Amino acid sequence: MPFLHVNNRSVPCKGVLFDKDGTLLDFMTMWGAWAELVLCGMEDALALEGTNFSGNASKLLGTEHDAEGRVTGYDPGGPLPMATTEETHGILAWQLYAAGVPWNDALTRVINISSVAMKEVRRRRIASPLPGLLPFLQQCTGASLKLGVVTSDESGTTIEHMEWLGITSYFGSVVTRDRVNRGKPAPEMVELACRELGLSPHETILIGDSNADMQMGKAADLCLTVGISGKDGRAEHLLNADTIITDFTELLITP
């Protein structure tokens, strides 16, 4: 059986499951740009109502901004990385509702703002893999490991982003939020991926960048949960991880 070597641990495994945003692809490259576009769109929409954000705009999605207002970071436990599409729309629509826009109209406007922002992201094809991802996937394939994706994103955008990165062919299962009844941190996504890959949870590893990922892996009784802290090394959002790395260059697979 192949082994995953990480932080002086060697764990036998037959499969690896990956979160998408912040794990397969660099989160800030794509979603930071999207958030900046959405917040600009929201600012314009609120200005039409003669008002501005209710409270601090950075608290809406949990973003961090520089002096010019550009998005430079995010709260790993905030809405931007954690909320579903519907939850994000609700958070934003409340701002318009509080400004006097009827709820249905507010939601319609927000969906349009989000769609326009994503079209711009698509036009630019803003996506980049995490450091070391592609060599690690090649190691996994060379050791005949079965690979899957478990993400809170929707099916269409997930496949699209994987195609942008050129990694679709590595994965035998892609489980998105719209394929299950209960999302993270419930174990349903992992359980479905394991069934589709023909894996036992006890021989499967999960790699993700949020504590919801880690909790999901624990709930599914996986053999190891690996948290990715990112280059800044912040790990307070990975309390349930068995072990923590900054990126894929710290992992090694041996047959």
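Remember, it's a predicted structure, so these values are computed and weren't measured experimentally.

*Asks:* Teacher, can you tell me more about the pattern of salt bridges here?
*Replies:* When their charged atoms lie close together, side chains carrying opposite charge are able to pair. Under the definition given, this model contains 13 salt bridges. For the salt bridge of Arg-124 with Glu-120, the shortest nitrogen-to-oxygen distance reads 2.8 Å. Of this pair, Arg-124 and Glu-120 are both found in helix α5 (residues 103-124), four residues apart, which corresponds to roughly one turn of the helix. Arg-124 sits in the partly exposed class, given a relative accessible area of 44%. Residue Asp-213 pairs with Lys-184 through a salt bridge whose shortest N-O separation is 2.6 Å. Taken together, the positions of Asp-213 in helix α9 (residues 211-219) and Lys-184 in the loop between β7 (173-175) and α8 (188-197) put the pair 29 residues apart, joining distant regions of the chain. Each of the two residues, Asp-213 as well as Lys-184, counts as buried. Salt bridges here are not isolated pairs; linked through shared partners, they connect Asp-19, Lys-184 and Asp-213.

*Asks:* Please explain the pairing of strand β5 (residues 71-74) as it appears in this structure.
*Replies:* Consecutive side chains of a regular strand alternate in pointing toward one face of the sheet and then the other. Pairing of strand β4 (residues 63-65) with β5 involves three bridges; the strand directions are antiparallel. Directly across from Glu-64, in β5, lies its bridge partner Gly-73.

*Asks:* Would you mind going over the environment of Phe-53 with me for this structure?
*Replies:* Inspection of the secondary structure assignment puts Phe-53 in the loop between α1 (27-48) and α2 (58-61). Given the relative accessible area of 15%, Phe-53 is considered buried. Each C-alpha atom of the pair Phe-53 and Val-180 lies 34 Å from the other, and the pair is 127 residues apart in sequence.

What counts, and where the lines are drawn
Residues numbered from 1 in each chain as written. Predicted model: local features only at pLDDT ≥ 70, side-chain atom pairs only at ≥ 80, totals over all residues. Heavy atoms only, no water. Salt bridge = Lys/Arg side-chain N within 4 Å of Asp/Glu carboxyl O. Helix = DSSP H or I, 4+ residues; strand = E, 2+ residues; numbered from the N terminus. Buried < 20%, exposed > 50% of the residue type's maximum accessible area, 1.4 Å probe, protein only. Pairing = 2+ DSSP bridges.

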